[in-house]
Amino acid sequence: MTYVRLIDCRTRRFDEMNRIMEAWVEQTRGRRTATHSVIGKDRADDSHFIEIVEFPSYEEAMRTAHLPESQKIFREMVALCDGTPTFTELDVIRDEQLYAANARRFFETLTSAGELPPLNDLLTEDCHSHDPVNAQDTIGLDALRREYDVWRGAFDAEFTLDDVIAQGDRVCVLWTWNARHRGEFLGITPTGRDVTMSGMTLLRFSEDGKIAETWWQHDQLGLMEQLGALDALET
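Attention here is on the structure that accompanies the text. (Residues numbered from 1 in each chain as written. Predicted model: local features only at pLDDT ≥ 70, side-chain atom pairs only at ≥ 80, totals over all residues. Heavy atoms only, no water.)

**Concerning the overall build of the protein chain**
Logical step 1: Across its full length, the protein chain carries 7 helices and 10 strands.
Logical step 2: Residue pairs at least 24 apart in sequence account for 63% of intrachain contacts in the protein chain once pairs closer than 6 positions are excluded.
Logical step 3: Side-chain charges of the protein chain comprise 25 positive and 43 negative groups, with the mean position of each set lying 8 Å from the other. (Helix = DSSP H or I, 4+ residues; strand = E, 2+ residues; numbered from the N terminus. Contact = heavy atoms within 4.5 Å. Lys, Arg positive; Asp, Glu negative; His and termini not counted. Charge placed at Lys NZ, Arg CZ, Asp CG, Glu CD.)

**Description of the nonpolar core**
Logical step 1: Ranked by internal contacts, the top residues of the largest apolar core, which has 34 residues, are Phe-106, Leu-123, Phe-155, Trp-177 and Leu-203.
Logical step 2: Elements with a contribution of two residues or more to this core: helix H4 (96-110), strand E5 (123-130), helix H5 (141-154), strand E7 (155-167), strand E8 (170-181), strand E9 (194-205), strand E10 (211-218) and helix H6 (220-226).
Logical step 3: If you look at the next biggest cluster of nonpolar residues, it comprises 11 residues, including Ile-20, Trp-24, Phe-49 and Leu-80. (Core = buried A, V, L, I, M, F, W, Y, C linked by side-chain atoms within 4.5 Å. Buried < 20%, exposed > 50% of the residue type's maximum accessible area, 1.4 Å probe, protein only.)

**Brief notes about the sheet that holds strand E3 (residues 48-55)**
Logical step 1: The strand order across the open sheet formed by 4 strands is E2-E3-E1-E4, and the pairing between neighbours is antiparallel. In the strand order of this sheet, the two ends are held by strand E2 (36-41) and strand E4 (86-91), each with one partner. The sheet shows a mean angle of 15 degrees between the axes of neighbouring strands, taken without regard to direction.
Logical step 2: Where E2 lies against E3, 6 bridges are found, and the strand directions are antiparallel. Counterpart to Ile-39 in the pairing with E3 is Glu-51. (Pairing = 2+ DSSP bridges. Axes fitted to C-alpha atoms, helices over the stretch in contact; angles between N-to-C directions.)

**Re helix H2 (residues 58-65)**
Logical step 1: Three or more residues of H2 are buried, namely Ala-61, Met-62 and Thr-64. Axial view of H2: buried residues confined to an arc of 160 degrees, hence all on one face.
Logical step 2: Contact partners of the buried residues in H2: strand E1 (3-10), helix H1 (14-27), E3 and helix H3 (68-80). (Arc of directions from axis to C-beta.)

**Examining the pairing of E9**
Logical step 1: Alternating positions in E9 separate cleanly, Val-195, Met-197, Gly-199, Thr-201, Leu-203 and Phe-205 being buried on one face and Asp-194, Thr-196, Ser-198, Met-200, Leu-202 and Arg-204 remaining unburied on the opposite face.
Logical step 2: In the sheet, E8 pairs with E9 via 11 bridges, with the strands oriented antiparallel. Among the inter-strand pairings, Cys-172 is bridged to a residue of E9, identified as Leu-202.
Logical step 3: With 7 bridges joining them, E9 and E10 adopt antiparallel strand pairing.

**A short note on the sheet that holds E8**
Logical step 1: The mixed open sheet is built from 6 strands, whose spatial order is E6-E5-E10-E9-E8-E7. The strands lining the two open edges of the sheet, one partner per strand, are strand E6 (138-139) and E7.
Logical step 2: In the packing of H4 onto the sheet, contacts are made with E5, E7, E8, E9 and E10, and the angle to E7 comes to roughly 170 degrees.
Logical step 3: Contacts from H5 reach E5, E6, E7, E8 and E9, with the element oriented near 60 degrees to E5.

That is the geometry; function is a separate question.
Written out as structure tokens, the structure reads:
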């Protein structure tokens, strides 16, 4: 679960504090695991600052906090503050921006070069996929990877995400898929043809930012026509 720390402090020596923080960033490069950091200044009090730091998990935040450089910067920050900074520790239980970013990464990964990654950082173990072209829903990470590998083995492809809409724990993606048919697909031998298909996917996310359920809508009939699979039916 994503974790956020709020650091609330008052200082009239922010420029000095900022230099200390920049030095800490450089000194801990490759070892700290903060994924995002924002510092805001109170519009009503120019000595009041709040830093928002995001980590992949509470455990990673604690590991970063116990680095020798982190211990040192804390002592130096306190010396520059008007009083001791206060800390608020937050587990993120909803983040629509995170969900949308992970949705984009999911589509990028599906058509990435090389072997398909494990996907356990993007999908839950019991992820449930609904696709009207399949006789049954696909359930479970291993089953989904096998399904994705069928498409990856048959096509060199890429997704263009035409629109990404996030609301609550759901993200809707409108996409265009462009590909070259290079391997067997549903009994159709490789044609070498360039094909395209449009579609929409609705994704439901779990609290830890992973995809828990998907609903697919796409023009597979149009794809089969482009591959010549319907030619015999038209004669």
